[in-house]
Amino acid sequence: MVVGLTFNHLFSKVNIRVKQNKGTNERDKFIIDKITLRNVKSKGTCTALHSWDVEWEYDNTTKTFTKDIPGDDIIDFETGIMLSDEGLLLLPQTISANTIELEVAFRHGLEGEDDISKFESKTYRAYLPNTVKQWEAGKSYTYTAQVSTYNPIVFLP
């Protein structure tokens, strides 16, 4: 006998990929030191009458997620660095303009500079774009953020 399971995961899986902006600093080198995601709703009450009728009520509690990246590894254009290896399981929530903040701390070396001690440290902040209006339960979202020295953080579509 086959039994069909008709449930969905209540959380959203979210991740941030940080890469070097290939268009502006193509020949330069970047080392990502820290990625921080702030103001993510982290506490709420879920009411589920049926698997298709789920409602969340949130309080004002938020959480910050930080990943410190040890070492002096130069990031590449394609892979970059992920905030979480597995993705963050977060409460489904509305993504309004200027609410969830991404901060990236990195070191930048100009083309031809191989002495990492001469790389310039920078920290840039940006808000997640609200192109996705809501993180939905059971869905996965990956934001790709490119860093450069000209246009600090740009999110790819």
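Residues numbered from 1 in each chain as written. Predicted model: local features only at pLDDT ≥ 70, side-chain atom pairs only at ≥ 80, totals over all residues. Heavy atoms only, no water.

Peer 1: Any chance you could break down the overall build of the protein chain for me, citing the residues and the numbers?
Peer 2: Within the protein chain, the regular secondary structure consists of 0 helices and 11 strands. Scanning the protein chain from its N terminus toward the C terminus, one meets helices and strands in the order β-β-β-β-β-β-β-β-β-β-β. Projected onto the principal axes, the alpha-carbon positions of the protein chain cover approximately 65 × 40 × 25 Å. Within the protein chain, buried positions represent 36% of all 157 residues. Of the contacts formed within the protein chain by residues at least 6 apart in sequence, a portion of 75% connects residues at least 24 apart. Carbon and sulfur atoms make up 48% of the accessible area of the protein chain, which totals about 9600 Å². The distance from the centre of the 18 positive side-chain charges to the centre of the 22 negative ones in the protein chain is 2 Å. (Helix = DSSP H or I, 4+ residues; strand = E, 2+ residues; numbered from the N terminus. Buried < 20%, exposed > 50% of the residue type's maximum accessible area, 1.4 Å probe, protein only. Contact = heavy atoms within 4.5 Å. Areas by Shrake-Rupley, 256 points an atom, 1.4 Å probe, with all protein chains shown as cover. Lys, Arg positive; Asp, Glu negative; His and termini not counted. Charge placed at Lys NZ, Arg CZ, Asp CG, Glu CD.)

Peer 1: Report on the environment of glutamate 78, specifying residues and quantitative values.
Peer 2: Looking at the element boundaries, glutamate 78 is found in the loop between β5 (62-68) and β6 (81-82). Along the backbone, glutamate 78 and asparagine 21 are 57 residues apart, and their C-alpha atoms lie at a distance of 9.9 Å. Discounting chain neighbours no more than four positions away, the residues touching glutamate 78 are Arg17, Lys19 and Lys22.

Peer 1: Go over the nonpolar core, please, and point to the residues and values.
Peer 2: With 30 residues, the main nonpolar core has Ile32, Leu37, Trp135, Tyr143 and Ile153 as its most contacted residues. Looking at this core, the elements with two or more residues in it are β1 (12-20), β2 (29-41), β7 (88-90), β8 (101-109), β9 (120-127), β10 (140-147) and β11 (153-155). Ranked by the residues each element gives to this core, the list is headed by β2, at 5 residues. (Core = buried A, V, L, I, M, F, W, Y, C linked by side-chain atoms within 4.5 Å.)

Peer 1: Let's hear about a nonpolar patch on the surface: which residues, and what values?
Peer 2: Taken together, Leu10, Phe11, Val54 and Leu89 make up a surface patch of nonpolar side chains, about 300 Å² in accessible area. Along the chain, leucine 89 falls in strand β7. By relative accessible area, leucine 89 is classed as exposed at 52%. (Patch = residues over 30% accessible without salt bridge, like charges linked within 9 Å, V, L, I, M, F, W, Y side chains within 5 Å. Salt bridge = Lys/Arg side-chain N within 4 Å of Asp/Glu carboxyl O.)

Peer 1: Requested: an account of the sheet that holds β8, with residues and values cited.
Peer 2: What the 4 strands build is an open sheet, ordered β5-β2-β8-β9; its pairing is antiparallel. The outermost strands of the open sheet, each flanked by one partner alone, are β5 and β9. Pairwise comparison of adjacent strand axes, ignoring direction, gives a mean angle of 15° for this sheet. In the sheet, β2 pairs with β8 via 9 bridges, with the strands oriented antiparallel. By the bridge assignment for β8, isoleucine 32 is matched with phenylalanine 106. (Pairing = 2+ DSSP bridges. Axes fitted to C-alpha atoms, helices over the stretch in contact; angles between N-to-C directions.)

It is worth stressing that arrangement in space is one thing and function is another; only the former is reported here.
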